[in-house]
Amino acid sequence: MARAARVLALARAAEAAVGPGLGPGRARLVLLPHGGGARPGPQGARGEAAEGGCCAGSGNAPAELRWAGAEGGGPERWRQESGHHAEAWREAVAAAAGALQAGGLVAVPTDTVYGVACLAQDSAAVRSIYSLKGRNGAKPLAICLGDVERLYRYCHVNVPDELLRDLLPGPVTLVLQRSEELNKDLNPFTSLVGVRIPDHPFMRDLARACSGPLALTSANISSQGSTLTVLEFQDLWPQLSLVIDGGPIGDVQSPECRLGSTVVDLSVSGKFSIIRPGCALAPTVEILKKKYGLVAESS
């Protein structure tokens, strides 16, 4: 019943969307049931759910919701499609990757809050994210990768690989020196870049499906609160190419679940500074201080 109510609410919300994004014959909304927090196995079995109080829940079979208007049914009718769990998961990843490769903006669930992603190497798409959010052009965007190994291509790393793997994937953004491989139009005002590897299987699969890094920011208008459901940012839908609904991320009544990732600067050897406390401050600081002996300095 809860899932049916969610589908109906999404359908009604999309009927009101006006613009180049969601609407009759336009972009799709992909629903990942049960929170979409676990990848299906070869037989459609659930994967491991993300851990932590405000992390995404488990789920395994995306279903696609799209306007039937393009096929003669009229915009008032929605069609729900679901297939074999693993196949449907792959189709959801492919749909999102295709939208990104076409220069679009895609709303995605992460292990903290909902985000909006584009290709970091696509300068026009990066400008679109700033326009979408009304974001200050001097405020940097983080990049998102699927695996720690790919981080070395886009960053100059001065900490042990083990440290990276202790924190990533997870609800942490690591700020490092950027490499020459990164798009010069992305954060041109700084030599640093924040890196996210969310502990969310859909996000990691999506990042792996793209040839370069994603640019990732929260799905909200700048200065407004972070979002934990897709309905909370429905005003942005008309400007998005695709919305991936992973269900509520954590407890929507809990302010702690809207804190976003902990942002820590590791660009200075032997030191760290906390740029944003976020939702994982205590364990992050414990790892950096006790295990690796890094010294805290003021941000």
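Conventions we followed
- Residues numbered from 1 in each chain as written.
- Predicted model: local features only at pLDDT ≥ 70, side-chain atom pairs only at ≥ 80, totals over all residues.
- Heavy atoms only, no water.
- Helix = DSSP H or I, 4+ residues; strand = E, 2+ residues; numbered from the N terminus.
- Buried < 20%, exposed > 50% of the residue type's maximum accessible area, 1.4 Å probe, protein only.
- pLDDT = per-residue confidence, 0-100.
- Contact = heavy atoms within 4.5 Å.
- Phe/Tyr/Trp six-rings, centres within 6.5 Å; stacked < 30°, edge-to-face > 60°.
- Salt bridge = Lys/Arg side-chain N within 4 Å of Asp/Glu carboxyl O.
- Expected span 1.5 Å × (residues − 1).
- Core = buried A, V, L, I, M, F, W, Y, C linked by side-chain atoms within 4.5 Å.
- Pairing = 2+ DSSP bridges.
- Lys, Arg positive; Asp, Glu negative; His and termini not counted.
- Disulfide = S-S within 2.5 Å.
- Axes fitted to C-alpha atoms, helices over the stretch in contact; angles between N-to-C directions.
- Parallel < 35°, antiparallel > 145°, perpendicular 65-115°, else oblique.
- Left-handed = near helix turned anticlockwise from the far one by under 90°.
- Nonpolar A, V, L, I, M, F, W, Y, C, P; charged D, E, K, R; others polar.

**Structural notes on the environment of T112**
Part 1 of the argument: As for its placement among the helices and strands, T112 is situated in the loop between β4 (106–108) and β5 (115–119).
Part 2 of the argument: Looking at T112, the relative accessible area reads 6%, which means it is buried.
Part 3 of the argument: Placed 147 residues apart in sequence, T112 and L259 show a C-alpha to C-alpha distance of 7.7 Å.

**Notes on the confidence of the model for the protein chain**
Part 1 of the argument: Taken over all residues, the pLDDT of the protein chain has a mean of 81, while the share at 70 or more is 73%.
Part 2 of the argument: Low pLDDT, under 50, characterises residues 41–53; the stretch is placed with 26 contacts to residues that sit more than four places away or in other chains.
Part 3 of the argument: Between residues 56–83, whose pLDDT stays under 50, and residues either more than four places distant or in other chains, the model counts 102 contacts.

**Details of the packing of aromatic side chains**
Part 1 of the argument: Under the counting rule described, the total for this entry stands at 2 aromatic pairs.
Part 2 of the argument: Ring geometry for W89 against F202: centres 5.9 Å apart, planes inclined by 75 degrees, an arrangement best described as edge-to-face. Separated by 113 residues along the polypeptide, W89 in helix α2 (residues 85–101) and F202 in helix α6 (residues 201–209) bring together distant segments of the chain. For the residue pair W89 and F202, the accessibility class agrees, reading buried in each case.

**Side note on the pattern of salt bridges**
Part 1 of the argument: In the structure shown here, the tally under the stated rule is 12 salt bridges.
Part 2 of the argument: Here D166 ties to K291 by a salt bridge, and the two come within 2.8 Å at their closest N and O atoms. A residue pair is termed long-range when its members are at least 10 positions apart, and D166 in helix α5 (residues 161–167) and K291 in helix α7 (residues 281–291) qualify at 125 residues.
Part 3 of the argument: With relative accessibility at 47%, the residue K291 sits in the partly exposed group.

**Here's the deal with α2**
Part 1 of the argument: For α2, built from 17 residues, the straight-helix expectation of 24 Å at 1.5 Å per residue is met to within 8% by its first-to-last C-alpha distance of 24 Å.
Part 2 of the argument: Within α2 the residues assigned to the buried category are A86, A88, W89, A92, V93, A95, A96, A97, A99 and L100.
Part 3 of the argument: Where the residues of α2 are buried, they touch β1 (28–31), β4, β5, α6, β10 (214–218) and β11 (242–245).
Part 4 of the argument: Two residues or fewer after α2 comes G103, characterised by a positive phi angle close to 90 degrees.

**Looking at the nonpolar core**
Part 1 of the argument: The biggest cluster of nonpolar side chains holds 53 residues, and the ones touching the most others in it are F233, L240 and L266.
Part 2 of the argument: Contributions of two or more residues to this core are made by β5, α3 (123–133), α4 (151–154), α5, β8 (172–178), β9 (192–196), β13 (271–276) and α7.
Part 3 of the argument: Broken down by element, the residue count for this core peaks at 5 residues, all from α3.
Part 4 of the argument: Formed by 24 residues, the second largest nonpolar core is a distinct cluster that contains L32, V106, C210 and I244.

**Quick word on the pairing of β10**
Part 1 of the argument: Here β10 lies mainly inside the structure; 4 of its 5 residues are buried.
Part 2 of the argument: Where β5 meets β10, 5 bridges bridge the pair, whose relative direction is antiparallel. Bridge pairing links G115 to S218 in β10.
Part 3 of the argument: Two strands pair when backbone bridges link them, and strand β6 (residues 142–144) and β10 are joined in this way by 3 bridges, in the antiparallel orientation. Residue pairing across strands places C144 opposite L214, the latter belonging to β10.

**What about the side chain of K133?**
Part 1 of the argument: Along the polypeptide, K133 turns up in helix α3.
Part 2 of the argument: Buried within the structure, K133 lacks any salt-bridge partner; E232 is the closest side chain of opposite charge, at an N-O distance of 12 Å.
Part 3 of the argument: Once residues lying within four places of it in the same chain are set aside, the contact partners of K133 are T217, S218, N220, I221 and S222.

**Here we look at the state of the cysteines**
Any covalent bond linking the sulfur atoms of two cysteines counts as a disulfide.
Part 1 of the argument: What the rule picks out here adds up to 0 disulfides.
Part 2 of the argument: Unpaired in terms of disulfides, C144 finds its nearest cysteine sulfur in C210, a separation of 9.2 Å.

**Some thoughts on unusual backbone geometry**
Part 1 of the argument: Geometrically, the link from L168 to P169 is a cis peptide bond, its omega value of -5 degrees lying close to zero.
Part 2 of the argument: Mapped onto the fold, P169 is located in the loop between α5 and β8.
Part 3 of the argument: In this structure, N187 is a non-glycine residue whose phi angle is positive, near 50 degrees.
Part 4 of the argument: Within the secondary structure, N187 is located in the loop between β8 and β9.
Part 5 of the argument: Taking relative accessible area as the criterion, N187 reaches 2% and is therefore assigned buried.

**Digging into the packing of α2 against α6**
Helix packing geometry: the angle between the two helix axes and the distance between the axes.
Part 1 of the argument: Remark: α2 packs on α6, axes separated minimally by 9 Å, with the N-to-C direction vectors making an angle of 50 degrees. Taken together, α2 and α6 sit at an angle that is classed as oblique. Classified by chirality, the crossing of α6 by α2 is right-handed. Between α2 and α6, the contacting residues are W89, A92, V93, A96, A97, L100 and Q101 on the first element and P201, F202, D205, L206 and A209 on the second.
Part 2 of the argument: Residues belonging to the contact of α2 with α6 are distributed by class as follows: 10 nonpolar, 1 polar and 1 charged.

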